[in-house]
Amino acid sequence: MRSKLVLILLEASLETVPASIANHPAVVKTASRRGKKPTEILLDKSIHYHAMKKLPRAEKRGRPDIVHIALLEALESPLNKTGGLSTYIYTIEGHAVFIDPSTRIPRNYNRFVGLMEQLFKEGRVPPGSEKPLLYLKTIKLEDLIKESMSRGLILLSEECEYKPVYSVVEEAISEKLAIGIGGFPHGDFEEETKKQAVRCYSIYREPLSTHIVVSRIIASAEKILGVIEL
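The rules behind these values
Residue positions are given per chain, counting from 1 as you read along its sequence in written order. Confidence filtering applies because this is a predicted model: local features only for residues at pLDDT of at least 70, side-chain atom pairs given and counted only at 80 or more, and all residues used for totals across whole chains, interfaces and linings. The side-chain numbers reported here are obtained from all heavy atoms of the structure, hydrogens and water having been left aside. For helices, the axis comes from a line fit to the C-alpha atoms of the stretch in contact; other axes are also lines fit to C-alpha atoms, and the angle between any two N-to-C directions lies between 0 and 180 degrees. The way it works is that DSSP assigns letters per residue, a run of H or I at least four long becomes a helix, a run of E at least two long becomes a strand, and they are numbered from the N terminus. Angular relationships are summarised with four words: roughly parallel below 35 degrees, roughly antiparallel beyond 145, roughly perpendicular across 65 to 115, and oblique for the angles in between. The handedness criterion is simple: a crossing whose near helix is rotated anticlockwise from the far helix by less than a right angle is left-handed, and one whose near helix is rotated clockwise is right-handed. Every residue pair with non-hydrogen atoms within 4.5 Å of one another is taken to be in contact. By the convention adopted, Pro, Cys, Tyr, Trp, Phe, Met, Ile, Leu, Val and Ala count as nonpolar, Lys, Arg, Asp and Glu as charged, and the other residues, Gly among them, as polar. Here the rule is simple: two strands pair whenever DSSP picks up at least two bridges between them. Throughout, exposure labels follow a simple rule: accessible area from a 1.4 Å probe, protein chains only, divided by the maximum for the residue type, with under 20% read as buried, over 50% as exposed, and the rest as partly exposed. The rule for a disulfide is simple: a pair of cysteine sulfur atoms within 2.5 Å. Salt bridges are identified by distance alone: a Lys or Arg side-chain nitrogen within 4 Å of an Asp or Glu carboxyl oxygen.

S.K.: So what's going on with the packing of helix α3 (residues 64-75) against helix α9 (residues 210-224)? Residues and values would help.
M.R.: For the pair α3 and α9, the least separation of the axes is 8 Å and the interaxial angle reads 15°. Classed by the angle they form, the pair α3 and α9 counts as roughly parallel. Along this stretch, α3 crosses α9, giving a crossing that reads as right-handed. Contacts between α3 and α9 pair Ile66, Ile69, Ala70, Glu73 and Ala74 from the former with Thr210, His211, Val214, Ser215 and Ile218 from the latter. The class makeup of the residues in the contact of α3 with α9 is six nonpolar, three polar and one charged.

S.K.: Break down the environment of Met116 for me, citing the residues and quoting the values.
M.R.: Within the secondary structure layout, Met116 lies in helix α5 (residues 109-122). Distance in space between the C-alpha atoms of Met116 and Glu40 is 10.0 Å, their sequence separation being 76 residues.

S.K.: Residues and numbers for the sheet that holds strand β4 (residues 124-125), please.
M.R.: Whenever strands of a sheet pair, they do so through backbone hydrogen bonds, lying parallel or antiparallel. Spatially, β4-β5-β3-β2-β1-β7-β6-β8 is the arrangement adopted by the eight strands of the open sheet, whose pairing is mixed. Each edge of the open sheet is held by one strand with a lone partner, namely β4 and β8 (197-202). Two strands pair when backbone bridges link them, and strand β1 (residues 5-12) and strand β2 (residues 85-91) are joined in this way by seven bridges, in the parallel orientation. Considered in β2, the bridge of Ala12 is made with Thr91. Contacting β1, β6 (153-162), β7 (178-182) and β8, helix α7 (residues 165-174) runs over the sheet at an angle of about 155° to β6.

S.K.: Please provide a residue-by-residue account of the pairing of strand β3 (residues 95-99), values included.
M.R.: Each regular strand carries side chains that alternate between the two faces of the sheet. Of all five residues making up β3, four are buried, and the element is well covered by its neighbours. Once β2 ends, the chain turns through three residues before running back antiparallel as β3, passing Gly94 with a positive phi of about 85°. Across five bridges, β3 lies against strand β5 (residues 134-138) in antiparallel orientation. Looking at β5, one finds that Ile99 is bridged to Leu134.

S.K.: For the state of the cysteines, give the residues involved together with the corresponding values.
M.R.: Applying the stated rule across the entire model yields one disulfide. What pairs with Cys160 in a disulfide is Cys200, and their sulfur atoms sit 1.9 Å apart. Judged by the sign of its S-S torsion, about 80°, the bond between Cys160 and Cys200 is right-handed. Taken together, the residues span a long stretch of sequence, with Cys160 in strand β6 and Cys200 in strand β8 at a distance of 40 residues. A residue is classified by how much of its surface remains accessible, and Cys160, at 22% relative accessible area, is partly exposed.

S.K.: Give a detailed account of the pattern of salt bridges, specifying residues and quantitative values.
M.R.: This structure, assessed with the given rule, holds 17 salt bridges. For Lys121, the salt bridge identified is with Glu40, shortest N-O distance 3.9 Å. On the criterion of sequence distance, the pair formed by Lys121 in helix α5 and Glu40 in the loop between α1 (25-34) and α2 (45-52) is long-range, its members being 81 residues apart. Residue class for Lys121 comes out exposed when judged on its relative accessible area of 56%. A salt bridge links Asp188 to Lys194; the shortest N-O distance between them is 2.7 Å. Asp188 gets classed as partly exposed once you look at its relative accessible area, which sits at 35%. Several salt bridges share partner residues, and in doing so they unite Glu15, Arg57, Arg61 and Glu93 into one network.

What follows is the structure, encoded as structure tokens:
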């Protein structure tokens, strides 16, 4: 089996509206306009800001756009198109999203939202398919790491020891370790997430947007695996 990079978006800010705020006017209005139940639409801070105020870990939730941009970066990369990348999402609510590398994520954000809502409702896309492009599974992070065929997890956090991104990726590929990137806007990783990391590195002294980190990691992996000459 050829070498590849395993990438996990951790604690991703991707979820449907929790039942605890489903009756909030802002949520009801959005759902009604779209002809869906309140708990069937994605939680989005730009729309549901006032409804979200009392949710636990509110600062980390309601940002599906972060996942959208990161997936576009990952799945449209030459690394992915040549079979050198496996991408997973592990949401803030403990759901794992398994992604077939051939999946084409809609560039249009509204279409992406509809796709994710279908995934959360049906459990897979296309619904009922034996070989879905996307499917949802509620498992522990440690089990997702095992199912990704990785020997462990490298966590990226600005709080950890600095190491050049190229060296981090080289280590991950050579030792068959997944690289975990935060898929949320603010805050720190949960302690349970940190416990799953066998190593933790920082590739920059300050926080970086998720898609920027994804692009730097993929570019390094493409160089290491000979996909693109930089």
